[in-house]
Amino acid sequence: MKRNDYSENMESLLGDCMGPGSMFDSIRQYLSTYGFDHYGDLDVREPEPSNVIPGSVLGLLSESLEKITTPVNGPIIDLGCSVGRTSFELSKKFNTSVIGIDLNFSMLQAAANVIETGRFTYPKRTEGIAYDKKIIETDFKDNNDVDFWVCDGLNLPFFDSLFSFGLSLNLLDCVGSPYLHLQEFARVLKQGANAIISTPYDWSPSAVPVENWLGGHSQRSESKGRSETMLRSLFSRGGHPDAIETLELIFEKQNLPWTVRIHNRSVMNYSVHVMGLKKLMVE
Ligand SMILES: C[S@@+](CC[C@H](N)C(=O)[O-])C[C@H]1O[C@@H](n2cnc3c(N)ncnc32)[C@H](O)[C@@H]1O
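Starting from 1, residues in each chain are numbered consecutively following that chain's sequence as written. Whole-chain, interface and lining totals are the exception, using all residues; otherwise, since this is a predicted model, local features are given only for residues with pLDDT of at least 70 and side-chain atom pairs are given and counted only at 80 or more. Water and hydrogen atoms play no part in the side-chain values, which are based on all heavy atoms of the structure.

Caption draft 1: Quick look at the overall build of the chain. Runs of E in the DSSP output that reach at least two residues are strands. Runs of H or I that reach at least four are helices, and both are numbered from the N terminus. Assigned secondary structure in the chain consists of 7 helices and 9 strands. In summary, the chain has a C-alpha radius of gyration of 19 Å against a globular reference of 19 Å for 283 residues, a match within 12%. Once the C-alpha set of the chain is aligned to its principal axes, its extents read approximately 60 × 45 × 30 Å. When a residue's accessible area, from a 1.4 Å probe over protein chains only, is under 20% of the maximum for its type it is buried; when over 50% it is exposed; and in between it is partly exposed. For the chain, with 283 residues in total, the buried portion stands at 53%. Residues count as neighbours in contact if any of their non-hydrogen atoms are within 4.5 Å of one another. Considering only contacts in the chain between residues 6 or more positions apart, those separated by 24 or more positions represent 69%. A gap of 2 Å separates the mean positions of the 26 positive and 36 negative side-chain charges of the chain. In this treatment the radius of gyration is a C-alpha quantity, and the globule benchmark scales as 2.2 Å times the residue count to the 0.38 power. Charge assignment: positive for Lys and Arg, negative for Asp and Glu; neither His nor the chain ends contribute. Where a charge sits is defined by one atom per residue type, namely NZ (Lys), CZ (Arg), CG (Asp) or CD (Glu).

Here it is as C-alpha cells:
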C-alpha cells in the first residue's frame, strides 16, 4: 500500500479488490482531498468538472500571513502539513528552511516525491472508489530548503525554542489532545517567534475524545461551550487555570473559507478561525 509506482490500471484494480472503507481506499481519499486543494491550482485542466476551485489552503495561508510583519530568521515548522504545499510556499516567502511534519506516511511520501521529481502525483476521486491519476508539474524540484518528517505533533522530536515561525493549519481538531498540541507548539518556538493556528473546530469523537475538546460542549460554562472563547482564555495570562502563558494572542481572523473536496459531486465548506500568536519570554 505504500508503493506509489503503480500504473493507473493496477491502482484501479487494487482499489476494487480492497474495496470501500479499506486502508487503501482511505489513503487514496486523503491524497485526493489534500492533493487537489494543495496542487490543483498548478493543474492546467482544473477545475474539472468544475464543482470546486482548488487552492483554498493557499488563500488561507496568504490571508493568515498578511499581519506577520516581523522577519523570520531561522527554520520554520509546518505542523500537519499533509502533502506539503504550504511548506514550499513558506520556504519561498521567507527564504528559509521549513520542516513539514505529519503522521500520514503516504501524504508525506507524495510531498517528498515533489522534491525528488518536481511532479505531484495523486489519485483524484471521481465517485465511489473510482479515481483519476493526476500528474502535476511544479517548480519545487530539488528544493533543499524543505524537508518532510513523519512525526507526531503531540511529541515533537525537536529541542525547545528551535523554530522562528510555526504554522498549524487545520490540525487542532484532528489530534488526540489539542491542548498537548498547543503546549508542544509553544515549546519548540523561539522567544519572539510568531505562529499561526487555524481551525474549523469540527470536533468529532473519532478524532478527539470529547473530554479533550477545547470547547464544543458544556454550554452552561462561562465560555458557553464556544471553542474560540476557550482558546482566547488559554492564550491570556491568568485567563484560564491551564493558560499557555508563553503564547500571546496578537490577532484573529474570522470565517476564512477552507474547502475540502470529497468527490466530483461533494464538497465541505468550512469557516475557519485564525489566530496569530507570539512566543513570549519564558520566565
Ligand atoms: C485536516 S488535515 C489539514 C492538512 C493541511 N494542514 C491543510 O490545511 O490542508 C490534518 C492533517 O494533520 C495530520 N495529523 C493528524 N494527527 C496528527 C498528529 N498527531 N501529528 C501530526 N500530524 C497529524 C493528518 O494526517 C492531516 O494531514
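Caption draft 2: Expanded view of the environment of leucine 31. Structurally, leucine 31 can be placed in helix 2 (residues 23–39). With 79 residues separating them along the chain, leucine 31 and alanine 110 place their C-alpha atoms 8.3 Å apart. Not counting the four nearest positions on each side in its chain, leucine 31 is found in contact with Phe36, Val83, Ser106, Met107, Ala110, Tyr122 and Pro123.

Caption draft 3: The arrangement of the sheet that holds strand 1 (residues 76–79) in detail. The strand order 5-2-1-6-7-9-8 describes an open sheet built from 7 strands, whose pairing is mixed. In the strand order of this sheet, the two ends are held by strand 5 (146–150) and strand 8 (247–263), each with one partner. The average undirected angle you get between the axes of adjacent strands in this sheet is 20°. Every axis corresponds to a line fitted to the C-alpha atoms, with the helix fit spanning only the stretch in contact, and the corresponding angles, defined between N-to-C directions, vary from 0 to 180 degrees. Packing against the sheet, helix 5 (residues 105–117) makes contact with strand 2 (98–102) and strand 5, and its axis sits at approximately 160° to strand 5. Each of strand 8 and strand 9 (266–279) touches helix 7 (residues 227–234); the most contacted strand, strand 8, lies at about 145° to it. Pairing between two strands is assigned when DSSP locates at least 2 bridges connecting them.

Caption draft 4: Spotlight on unusual backbone geometry. Backbone geometry at serine 218 places phi at a positive 55°, although glycine is not the residue there. Residue position: serine 218 is located in the loop between strand 7 (189–199) and helix 7. A positive phi angle is found at lysine 224, which is not glycine, with a value near 55°. Tracing the sequence through the fold places lysine 224 in the loop between strand 7 and helix 7.

Caption draft 5: Representation of the side chain of threonine 86 in the model. Relative to the helices and strands, threonine 86 is located in helix 4 (residues 85–94). Using a relative accessible area of 2% as the deciding quantity, one classes threonine 86 as buried. With sequence-adjacent residues up to four places away left out, threonine 86 is seen in contact with His38, Val57, Leu61, Asp78, Cys81, Leu167 and Leu169.

Caption draft 6: Region of the structure containing the site of the ligand. As a matter of local geometry, the ligand sits amid 19 residues, with Gly80, Asp102, Asp152, Gly153 and Leu169 nearest to it. Whenever a nitrogen or oxygen atom comes within 3.5 Å of another N or O atom, the pair is scored as a polar contact, on the condition that within protein one atom can donate a hydrogen and the other can accept it, and that pairs from neighbouring residues in sequence are kept only if both atoms are in side chains. One of the side-chain N or O atoms of aspartate 102 is found 2.6 Å from an oxygen atom in the ligand. One of the side-chain nitrogen or oxygen atoms of asparagine 170 is found 2.9 Å away from an oxygen atom of the ligand. Every element with two or more residues in the shell around the ligand is listed here: helix 2 and strand 2. Under the grouping applied here, Gly and all other residues not named as nonpolar or charged are polar, the nonpolar ones being Ala, Val, Leu, Ile, Met, Phe, Trp, Tyr, Cys and Pro and the charged ones Asp, Glu, Lys and Arg. Its residues placed into classes, the shell around the ligand shows 11 nonpolar, 6 polar and 2 charged. Any residue with a heavy atom positioned within 4 Å of a molecule or strand is treated as near that molecule or strand.

Caption draft 7: Summary view of helix 1 (residues 8–18). Of all the positions in helix 1, only Glu11, Leu14 and Gly15 are classed as buried. Taken down its axis, helix 1 places every buried residue within 100° of arc, on the same side. Of the exposed residues in helix 1, those oriented more than 90 degrees away from the buried face are Asn9 and Cys17. Tucked inside the fold, the buried residues of helix 1 contact helix 2, strand 3 (119–127) and strand 4 (130–137). Here the arc refers to the directions that run from the helix axis out to each C-beta atom.

Don't take any of this as a statement about function, it's just geometry.
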